[in-house]
Amino acid sequence: MLTTSNGEPALGERLKLLMASLPEGDTTVGNVVDTLGMHGLLLLTIMLTLVFLIPVSIPGVSTVFGAVILLIALARLTGRPLWLPSFVSKRPVAAKKLRDALALSLVWVQRFERISRHGRLPRLVRSRATQITANLGLVLGAVLLMAPLGMVPFSNTLPALGLMGLSIGLLQQDGVMVLLGHLANLLSMIYFAALLGGGAAAMQWLVG
C-alpha cells in the first residue's frame with residue numbers, strides 16, 4: 001500500500017478502501033455518510049466532490065451532495081457532530097453508479113497527490129483564523145456547488161475543485177492546496193457572475 005512521508009496510507013489508497021466499503025445496490029445519502037463519516041469529514045467531502053470532476057451525470061446529486069458538504073463545513077465551524085435532515089439522509093443513491101464514478105475520478109486524486117505536500121505554507125492552515133477561513137471557504141464552495149446551473153459546463157467542476165483543494169489542504173496541512181482551493185472558489189464566482197451578466201444582457205437585447 002502506498003503511504004505518505006509520515007507513514008499514513010496515501011490519499012488515493014484511503015479513498016479506495018472507502019469505496020470498497022460502500023454497500024451493493026441502492027443506498028441512501030445517510031448510509032453513505034454513516035459508512036464513510038468515521039474516516040473523517042474532510043475525506044468524506046473529497047469523496048462527495050469527486051463525481052463532479054468527470055463527465056458522469058447523476059441527476060440531483062449536486063444539490064444533495066452540496067447540502068451534505070455545507071453541513072460538514074458548518075459542523076467543522078461550530079465543532080459539533082454532523083447532522084443531516086431526514087430529506088437529505090433518505091435521498092436514494094445508486095451505489096454502483098457512485099462507486100463507478102468515484103473509481104473513474106481517482107485520476108484527479110492522483111493528480112492532487114502529486115502536487116500536494118504535507119506542511120507547506122503552514123501559516124495558511126495551522127492558526128485558528130486560517131482554519132476558520134478555510135472552513136468558510138468550504139461553506140462558500142458548497143453553496144456554489146448547489147447553484148441550479150448543473151447543465152452549464154464547468155458550473156459543478158469549478159466549485160468541486162475548490163472544495164477538493166480546501167479539503168486536501170486541511171487534511172494534509174498543505175497551505176498551497178488551501179490557497180488553490182480559495183482561488184478556485186474565486187474563479188467560480190467570477191464565472192457565475194459572467195453567466196448571470198451574459199444572461200441579463202441577452203434578455204435585455206431580446207426585449208429591447
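Residues numbered from 1 in each chain as written. Predicted model: local features only at pLDDT ≥ 70, side-chain atom pairs only at ≥ 80, totals over all residues. Heavy atoms only, no water.

Colleague: Help me understand the overall build of the chain, please; the structure alone is not making it clear to me.
Modeller: Looking only at helices and strands, the chain features 9 helices and 2 strands. Walking the chain from its N terminus toward its C terminus, one meets helices and strands in the order α-β-α-α-α-α-β-α-α-α-α. A burial count over the chain gives 45% of its 208 residues as buried. Intrachain contacts of the chain at a sequence separation of at least 6 include 75% that bridge at least 24 residues. (Helix = DSSP H or I, 4+ residues; strand = E, 2+ residues; numbered from the N terminus. Buried < 20%, exposed > 50% of the residue type's maximum accessible area, 1.4 Å probe, protein only. Contact = heavy atoms within 4.5 Å.)

Colleague: Is there a simple way to explain the side chain of asparagine 135 in this structure?
Modeller: Relative to the helices and strands, asparagine 135 is located in helix α7 (residues 128-146). Take asparagine 135: its relative accessible area is 5%, and that puts it in the buried class. At 2.7 Å, the side chain of asparagine 135 and the side chain of arginine 76 are in polar contact. Among residues more than four places away in sequence, those in contact with asparagine 135 are Ala73, Arg76, Leu77 and Leu170. (Polar contact = N/O pair within 3.5 Å; in protein donor to acceptor, adjacent residues only side chain to side chain.)

Colleague: Honestly, the packing of helix α3 (residues 41-50) against helix α8 (residues 157-172) in this entry has me stumped. Any pointers?
Modeller: When two helices pack together, you describe them by how their axes are tilted relative to each other and by the distance separating the axes. As a packed pair, α3 and α8 sit with axes 9 Å apart at the nearest point and diverge in direction by 155°. Classified by the interaxial angle, the pair formed by α3 and α8 is roughly antiparallel. Note on packing geometry: the crossing formed by α3 with α8 is left-handed. Contact with α3, carried on its side by Leu42, Leu43, Thr45, Ile46, Thr49 and Leu50, involves Ala160, Leu163, Met164, Ser167, Ile168, Leu170 and Leu171 of α8 and no other residues of that element. Looking at side-chain class alone, the contact of α3 with α8 contains 10 nonpolar, 3 polar and no charged residues. (Axes fitted to C-alpha atoms, helices over the stretch in contact; angles between N-to-C directions. Parallel < 35°, antiparallel > 145°, perpendicular 65-115°, else oblique. Left-handed = near helix turned anticlockwise from the far one by under 90°. Nonpolar A, V, L, I, M, F, W, Y, C, P; charged D, E, K, R; others polar.)

Colleague: Would you mind showing me how to read the packing of aromatic side chains here?
Modeller: For any pair of aromatic rings, the description consists of the separation of the ring centres together with the inter-plane angle of the planes. Counted under the stated rule, the structure contains 2 aromatic pairs. Centroid distance phenylalanine 52 to phenylalanine 65: 6.5 Å. Interplanar angle 85°. Geometry classified as edge-to-face. With phenylalanine 52 in the loop between α3 and α4 (61-78) and phenylalanine 65 in helix α4, the pair connects residues that are 13 residues apart, well separated along the chain. Relative accessible area serves as the criterion here: at 10%, phenylalanine 52 is assigned to the buried category. Its relative accessible area of 3% is what places phenylalanine 65 among the buried residues. (Phe/Tyr/Trp six-rings, centres within 6.5 Å; stacked < 30°, edge-to-face > 60°.)

Colleague: Explain the pattern of salt bridges here, please?
Modeller: A side chain with one charge may pair with a side chain of the opposite charge, provided their charged atoms come close. This model, assessed by the stated rule, comprises 1 salt bridge. Close ionic contact of aspartate 174 with arginine 120 constitutes a salt bridge, the shortest N to O distance being 2.7 Å. One end of the pair, aspartate 174, is in the loop between α8 and α9 (175-207); the other, arginine 120, is in the loop between α6 (95-115) and α7, with 54 residues separating them in the sequence. For arginine 120, a relative accessible area of 26% gives the class partly exposed. (Salt bridge = Lys/Arg side-chain N within 4 Å of Asp/Glu carboxyl O.)

Colleague: Could you clarify how one ought to interpret unusual backbone geometry in this entry?
Modeller: Note: most residues except glycine have negative phi, and most peptide bonds are trans. With a phi close to 40°, leucine 121 is a non-glycine residue in the positive phi region. Inspection of the secondary structure assignment puts leucine 121 in the loop between α6 and α7.

Colleague: Would you take a moment to explain the side chain of serine 116 for this structure?
Modeller: Note on placement: serine 116 falls in the loop between α6 and α7. Engagement of the side chain of serine 116 in a polar contact is seen with the side chain of aspartate 174, the distance being 3.3 Å. Look past the residues within four positions of serine 116 in its chain and what remains in contact with it is Ile168, Gln172, Asp174 and Met177.

Colleague: Any chance you could explain the confidence of the model for the chain here in plain terms?
Modeller: In regions of low pLDDT, the predicted coordinates are not meant to be interpreted in detail. Mean pLDDT over the chain: 79, with 82% of residues reaching 70 or higher. Note on residues 1-6: pLDDT under 50 across the span, and 12 contacts to partners over four residues away in sequence or across chains. (pLDDT = per-residue confidence, 0-100.)

Colleague: Got a minute to help me understand the environment of arginine 76 in this structure?
Modeller: Within the fold, arginine 76 resides in helix α4. For arginine 76, the residues in contact, after removing those within four places along its chain, are Leu41, Leu42, Gln131, Asn135, Leu138 and Leu170.

Colleague: Any chance you could explain a nonpolar patch on the surface here in plain terms?
Modeller: Together, Ile115, Leu180, Leu183, Leu186, Leu187, Met189 and Ile190 make up an exposed nonpolar region whose accessible area comes to about 600 Å². Element by element, the count of residues in the nonpolar patch is highest for α9, at 6 residues. Tracing the chain through its elements places leucine 186 in helix α9. With a relative accessible area of 42%, leucine 186 lands in the partly exposed category. (Patch = residues over 30% accessible without salt bridge, like charges linked within 9 Å, V, L, I, M, F, W, Y side chains within 5 Å. Areas by Shrake-Rupley, 256 points an atom, 1.4 Å probe, with all protein chains shown as cover.)

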